[in-house]
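Architecture at a glance
Take a look at the letters that make up each chain.
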Amino acid sequence: MGRFQNKWEQLKFAVYCFRQAKDGRFVKRVKALEEDNLVEIESYGDKNSGEPVYFIDMEESHSGFFAEHNKLLALLYFADKYRLRPVVRFHPGYCYGEKHPVNGTDNPFEYYFEQPGGISLEELWKYNHVLKSRKENSKLAVSLNKESGGYARSELFLNEMGRITAKYIRLNQTVDAILRKDMKEIGICAEAGSGRILAVHVRGTDFKQHYNGHPVQVSIEEYCQAAAKLFYDKHYEKVFLATDDLDAVERFQKEFGSRLLFYRDVVRSKGNDTVMHSLSERENHHYLLGVEVLRDVYSMAQCDGLVAGLSQVSYAARIQKKSVGEEYGDLVILDKGINYHQKENCPN
């Protein structure tokens, strides 16, 4: 099964499986994993767990916050399918990681979230039978889409990721308190009494570079026109704008004035430079970039309608909305297709 480091590890896992031989469901799952050849077995200590532990060790990546988060949901779907108990670690080179502990941890995943399986990294190192994730595990979730690759996501996929989010994703106490406080102050919560709110996500900055394999850029004017039409036709009271682009804030302020809600303590930029790679002297800058985009997604999920393009953030907002058993009353997705122009993902 998978890639065993040596014969001894293979023997130990065989003994472990033998002890579970009377559990028909367990045996069926293990055989399915064996056929897929998608996991590795590792041994860190001498502790036995009551069920297989699945170590989601995210690979180094330079993707955005929700590009990584949505990859994680796909791996959690794999864990859920095979009834594995997940433990998550994000790579030290994670774009939203710091070079020092944040919220009491060196694991960037735990800056923001609680461990989904109730097992800490410290506990993980004590177990002698651990299944380690591989990137191929995410294909199980991707197969839920009607079209493979690109940015296409089916309703079946989004519904399942909503279920996975509800089951496994929990903000830690620190981040949960920050988001609740900020959302209340801006007026995006049930008790705020601000009436119907239309969420708009404008993906700007580096999307203007027309990355190969990424959605064709939707202009700020196109976003604003679509939002204005829905706002007036469906009688919304407020617009919440989530964006990384300063030009978008200025255009929406001109259109909606005092009816526009947006967070002011956010790092945004003009032009084509991504905020993700921005530099700042503020303490815990990269961690705070993660808090800001998380807050945008949770805020959008509280709204009644959504106008957005194809992006990992807009998918995340839809998934978060579904995770609490809700749907947007109005949903407008601006889709101009995908850039296909060169072999490299990003232009020079």
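Remember, it's a predicted structure, so these values are computed and weren't measured experimentally. (Residues numbered from 1 in each chain as written. Predicted model: local features only at pLDDT ≥ 70, side-chain atom pairs only at ≥ 80, totals over all residues. Heavy atoms only, no water.)

1. Concerning the overall build of the chain
Summing up its helical and strand segments, the chain has 12 helices and 10 strands in all. A sequence separation of at least 24 residues applies to 75% of the contacts in the chain between residues at least 6 apart. Total accessible area computed for the chain in this model is approximately 17,100 Å², and 49% of it derives from carbon and sulfur atoms. (Helix = DSSP H or I, 4+ residues; strand = E, 2+ residues; numbered from the N terminus. Contact = heavy atoms within 4.5 Å. Areas by Shrake-Rupley, 256 points an atom, 1.4 Å probe, with all protein chains shown as cover.)

2. What to know about empty space enclosed by the protein
For the structure on display, the rule yields 5 cavities of 30 Å³ or more. Quantified by volume, the largest cavity comes out at close to 80 Å³. If you trace the largest cavity, you find 13 residues lining it, with Phe66, His69, Thr165, Ala316 and Gln320 closest to the centre. Residue classes in the lining of the largest cavity are distributed as 9 nonpolar, 4 polar and no charged. (1 Å grid on protein atoms, 1.4 Å probe; cavity = no way out; pocket = protein on both sides within 12 Å on 5 of 7 lines; lining within 4 Å. Points joined across faces, edges and corners; volume = space filled by probe spheres on them. Nonpolar A, V, L, I, M, F, W, Y, C, P; charged D, E, K, R; others polar.)

3. Describing the nonpolar core
Side chains that are nonpolar tend, in soluble globular proteins, to be buried together. Counting 67 residues, the largest nonpolar core has Phe65, Tyr112, Phe240, Leu294 and Met300 as the members making the most contacts within it. Looking at which element gives the most residues to this core, the answer is helix H3 (residues 65–81), with 10 residues. Not counting the four nearest positions on each side in its chain, Phe65 is found in contact with Tyr94, Tyr96, Tyr112, Phe113, Gly290, Val293 and Leu294. One finds Ala228, Ala248, Leu260 and Phe262 within the second-largest nonpolar core, a separate group that totals 23 residues. (Core = buried A, V, L, I, M, F, W, Y, C linked by side-chain atoms within 4.5 Å. Buried < 20%, exposed > 50% of the residue type's maximum accessible area, 1.4 Å probe, protein only.)

4. Quick look at the layout of surface pockets
Reported here for the second largest pocket is a volume of approximately 520 Å³. Lining the second largest pocket are 22 residues, with Arg180, Met183, Tyr298, Gln302 and Gln320 positioned closest to its centre. Only helix H7 (155–168), helix H8 (173–186), helix H11 (285–301) and helix H12 (312–323) provide two or more residues apiece to the lining of the second largest pocket. Ranked by residue count, the leading element in the lining of the second largest pocket is H8, at 5 residues. Classifying every residue of the lining of the second largest pocket by side-chain character gives 11 nonpolar, 4 polar and 7 charged.

5. Topic: the packing of H7 against H12
As a packed pair, H7 and H12 sit with axes 7 Å apart at the nearest point and diverge in direction by 60°. Judged by the inter-axis angle, H7 sits oblique to H12. When the axes of H7 and H12 are compared, the crossing they make is right-handed. Seen from H7, the contacting residues are Glu155, Leu158, Asn159, Met161, Gly162, Thr165 and Ala166; seen from H12, they are Tyr315, Arg318, Ile319, Gln320, Lys322 and Ser323. Counted by class, the contact of H7 with H12 contains 5 nonpolar, 5 polar and 3 charged residues. (Axes fitted to C-alpha atoms, helices over the stretch in contact; angles between N-to-C directions. Parallel < 35°, antiparallel > 145°, perpendicular 65-115°, else oblique. Left-handed = near helix turned anticlockwise from the far one by under 90°.)

6. Some words on the environment of Glu51
Within the fold, Glu51 resides in the loop between strand E2 (40–42) and strand E3 (53–57). C-alpha separation for the pair Glu51 and Val130, spaced 79 residues apart in sequence, amounts to 9.9 Å.

7. Things to note about H3
Here H3 spans 25 Å end to end across 17 residues, near enough to the 24 Å set by a 1.5 Å rise per residue. Phi for Arg83, located one or two positions after H3, is positive at around 55°. (Expected span 1.5 Å × (residues − 1).)

8. Remarks on the side chain of Glu68
By the secondary structure assignment, Glu68 is in helix H3. Once residues within four sequence positions are removed from consideration, Glu68 is found in contact with Met58, Glu59, Ser61, Ser63 and Tyr94.

9. Notes on unusual backbone geometry
Excluding glycine, residues mostly have negative phi values, and the peptide bonds linking residues are mostly trans. Positive phi is not limited to glycine here, since His235 has a value of about 60°. Mapping His235 onto the fold places it in the loop between helix H9 (220–233) and strand E7 (238–243). For His235, a relative accessible area of 62% gives the class exposed. Residue Asn284 is not a glycine yet carries a positive backbone phi of 55°. Structurally, Asn284 is set in the loop between strand E8 (260–261) and H11.

10. Focus: the sheet that holds E7
If you walk across this open sheet you meet the 5 strands as E8-E7-E6-E9-E10, and the pairing is parallel. Each end of this open sheet is capped by a strand with a single partner; those strands are E8 and strand E10 (330–334). In the sheet, E7 pairs with E8 via 2 bridges, with the strands oriented parallel. Looking at E8, one finds that Val239 is bridged to Leu260. In the packing of H12 onto the sheet, contacts are made with strand E6 (197–202), strand E9 (305–309) and E10, and the angle to E9 comes to roughly 155°. (Pairing = 2+ DSSP bridges.)

11. Considering the pattern of salt bridges
Using the criterion set out here, one finds 25 salt bridges in the structure. A salt bridge links Lys181 to Asp182; its shortest N-O distance comes to 3.9 Å. Overall, the relative accessible area of 48% leaves Lys181 in the partly exposed class. We note a salt bridge from Asp244 to Arg203, for which the minimum N-O separation is 3.4 Å. Separated by 41 residues along the polypeptide, Asp244 in the loop between E7 and helix H10 (246–256) and Arg203 in the loop between E6 and H9 bring together distant segments of the chain. Within this structure, Lys181, Asp182, Glu185, Asp265 and Arg295 form a network of salt bridges that share partners. (Salt bridge = Lys/Arg side-chain N within 4 Å of Asp/Glu carboxyl O.)

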